[in-house]
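# Summary of the model geometry
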Amino acid sequence: MKDYFVGNTEYFKGIGKIQYEGAKSDNPLAFKFYNPKKIVRGKTMEDHLRFSVAYWHSFCADGTDPFGRATQTYPWRDSNPSRNARNKAEAAFEFITKLGAPYYAFHDADVAYDGETAAEYEKYYLEIAEYLKELQKATGVKLLWNTSNLFSHPRYMNGAATNPEFNVLTRAALQVKTNLDVNVTLGGEGYTFWGGREGYMSLWNTDMKREEEHLGMFFRLARDYGRSIGFKGTFYIEPKPMEPSKHQYDFDAATAIAFIRKYDLQDDFKCNIENNHATLAGHTFAHDLQVCVDNGMLGSVDANQGDRQNGWDTDEFPSDVYETTEAMLIILRNGGLHSGGLNFDAKRRRNSTDLSDMFISHIGGMDAFALGLLAADKILSDGKIDAMKKERYSSFDSGDGANYEKGLCTLEQLAELGRKAATPLISGKQELLNNLVNQYLFS
Ligand code: XUL
Ligand code: CO
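Let us look at the structure shown here.

## Thoughts on the pairing of strand E8 (residues 190–193)
Burial along E8 is two-sided: Gly190 and Thr192 facing one way and Tyr191 and Phe193 facing the other are all buried. One ladder, built from two bridges, connects strand E7 (residues 142–147) with E8; its direction is parallel. Directly across from threonine 147, in E8, lies its bridge partner threonine 192. A crossover connection joins E7 to the parallel E8 through helix H6 (residues 166–186); in handedness this β-α-β unit is right-handed. Where E8 meets strand E10 (residues 234–237), four bridges bridge the pair, whose relative direction is parallel. Residue pairing in the sheet places glycine 190 in a bridge with threonine 234 of E10.

## Brief notes about the site of ligand 1
Every residue near ligand 1 is listed here: Trp56, His107, Phe151, Trp194, Glu238, Lys240, Glu274, His277, Asp302, Asp313 and Asp345. Take aspartate 302: an N or O atom from its side chain is 2.9 Å from an oxygen atom of ligand 1. For ligand 1, whose accessible area on its own is 300 Å², the fraction buried by protein is 94%. Taken atom by atom, the bulk of ligand 1 overlaps the largest pocket. Here the shell around ligand 1 is built from residues that sort into three nonpolar, two polar and six charged.

## So, the side chain of threonine 234
Along the chain, threonine 234 turns up in strand E10. Among the polar contacts made by the side chain of threonine 234, one reaches the side chain of serine 339 at a distance of 3.2 Å. When neighbours within four sequence positions are excluded, threonine 234 is seen to be in contact with Glu189, Gly190, Tyr191, Asp268, Lys270 and Ser339.

## What about helix H12 (residues 355–382)?
Between its first and last C-alpha atoms H12 spans 42 Å; for 28 residues at 1.5 Å apiece the expected length is 40 Å, and the two agree. Glycine 383 sits one or two residues past H12 and shows a positive phi near 80°.

## Thoughts on empty space enclosed by the protein
On inspection of all chains with the given rule, the structure shows one cavity of 30 Å³ or more. Of the pockets and cavities examined, the largest cavity occupies roughly 100 Å³. Around the largest cavity sit 13 residues that line it, and Leu150, Phe193, Trp194, Gly195 and Glu198 are the ones nearest its centre. Elements with a minimum of two residues in the lining of the largest cavity: E8 and helix H7 (208–228). Looking at side-chain class alone, the lining of the largest cavity contains seven nonpolar, four polar and two charged residues.

Conventions adopted
- Numbering of residues starts from 1 in each chain and follows the order in which that chain's sequence is written.
- Following the order in which they are written, the chains are lettered starting with A and the ligands numbered starting with 1.
- Residue-level local features of this predicted model are given only where pLDDT is at least 70; pairs of side-chain atoms are given and counted only at 80 or more, and the full residue set underlies all totals for whole chains, interfaces and linings.
- Side-chain numbers come from the whole structure's heavy atoms, not from hydrogens or water.
- Categorising residues by exposure relies on relative accessible area from a 1.4 Å probe, with only protein chains included: less than 20% of the type maximum marks a residue as buried, more than 50% marks it as exposed, and the intermediate range marks it as partly exposed.
- The way it works is that DSSP assigns letters per residue, a run of H or I at least four long becomes a helix, a run of E at least two long becomes a strand, and they are numbered from the N terminus.
- The pairing criterion is simple: DSSP has to find at least two bridges between the two strands.
- If the strands point away from the viewer and the path from the first strand over the helix to the second runs clockwise, then the crossover is right-handed.
- A molecule or strand has a residue near it when one of that residue's heavy atoms lies within 4 Å.
- Polar contact criterion, stated in full: a pair of N or O atoms within 3.5 Å, where within protein one must be able to donate a hydrogen and the other to accept it, and residues adjacent in sequence count only if both atoms are side-chain atoms.
- Computed with a 1.4 Å probe, the accessible areas rest on the Shrake-Rupley method; for each residue, only the protein chains presented here act as cover.
- Both cavities and pockets are sets of points on a 1 Å grid over the protein atoms alone; in a cavity a 1.4 Å probe fits but cannot get out, in a pocket the set is open with protein on both sides within 12 Å along at least five of seven lines, and lining residues sit with an atom within 4 Å of a point.
- Pocket occupancy is defined atom-wise: a molecule lies in a cavity or pocket when more than half of its atoms are within 2 Å of its grid points.
- Any residue outside Ala, Val, Leu, Ile, Met, Phe, Trp, Tyr, Cys, Pro, Asp, Glu, Lys and Arg is labelled polar, Gly included; the first ten of those are nonpolar and the last four are charged.
- Contact definition: two residues touch when any of their heavy atoms are within 4.5 Å.
- Multiplying 1.5 Å by the helix residue count minus one yields the expected span of that helix.
- Grid points are joined across faces, edges and corners, and a volume is the space filled by probe spheres set on the points.

What follows is the structure, encoded as structure tokens:
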């Protein structure tokens, strides 16, 4: 490998390996807070945060939106599909290596020409997968997860595994099988299902029960095939309530977890939680993360943030340190991300058109999560917030309260106690807790 670039062309000229320079640095191309080798709670920041670069936003999305044409010009583009895929892969590995992210994630259609026929799909995908394997070996970058794009091609306009037409479902199965084969070749640590079209646009034409059963069956078959070829990673369901469908079956964490249990997938499946999907569902990022942790179902995280005014998935790079602090607190309480990671499912704004903006956006996201980790560590080490939360439930720690939790009380016994009980007004101390969080963040 020549100085952080692979192949013959250096695409990000003038940008070297991104270094940690500390909070006082005025170099936009340096980390201010993410210091990969710094030890926090006995582990390096790098091992806590497990950052991953999303191929689709960083090397494919060109700024096209419903109102305007592309704004991003990618120097690696080539009209020959095989050369295009190789150039893009070389640019991607140069970028990821210079950035210093240990992982990447992709859809099949991001790395390879999708093709029109099934034969073309398999040919181009398997061809580039061999090259990705070489590039992983040369750089040490690892695959966090891959996934099948079962939403862009017109054939999926009525769904993939939930399509009312069986033939379309089989075409989706070909993609999932091929993706699992590629995953095992590349040593992937996870495999994601995001069901953008697994839902409905109108109940007048939709048999919801039948579609959900088809989806459950499809996941089971994917699980069985994956395990049969030696896939040892975790399958992730990525909840999202809507967009592009009016209603998607994996609405939020609670819905996805109920689905996982209903179809007996809990030993192999967990959730991949995305901030902006949780907010679209009317929750917060912290809420969906907490629902997963409470159910032993936190798999991985798509790290981004939404816009408070916009009711759609804006996929912005994370910068809100209150949100990253809450997220890292929940992740630390979960004992870490395990085989998951923080995957930047985030895109530069359409008018951030310099190649350096690709680095600046990721650097900002990594710094925001590093700050979140440091703040969460302070909060846990100090212990005041946890102690206040524990105290709030202390009436269940002994006596009748403890018996209630153990299932030792009848409703009549509780009613008898209730007849004599004093029911004090005990402050929830919300403002005090908000004030404490600001002290942890800014003192
Ligand atoms: C779409 C989204 C996807 C998934 C992978 O909102 O988040 O990019 O992460 O298909
Ligand atoms: Co996502």
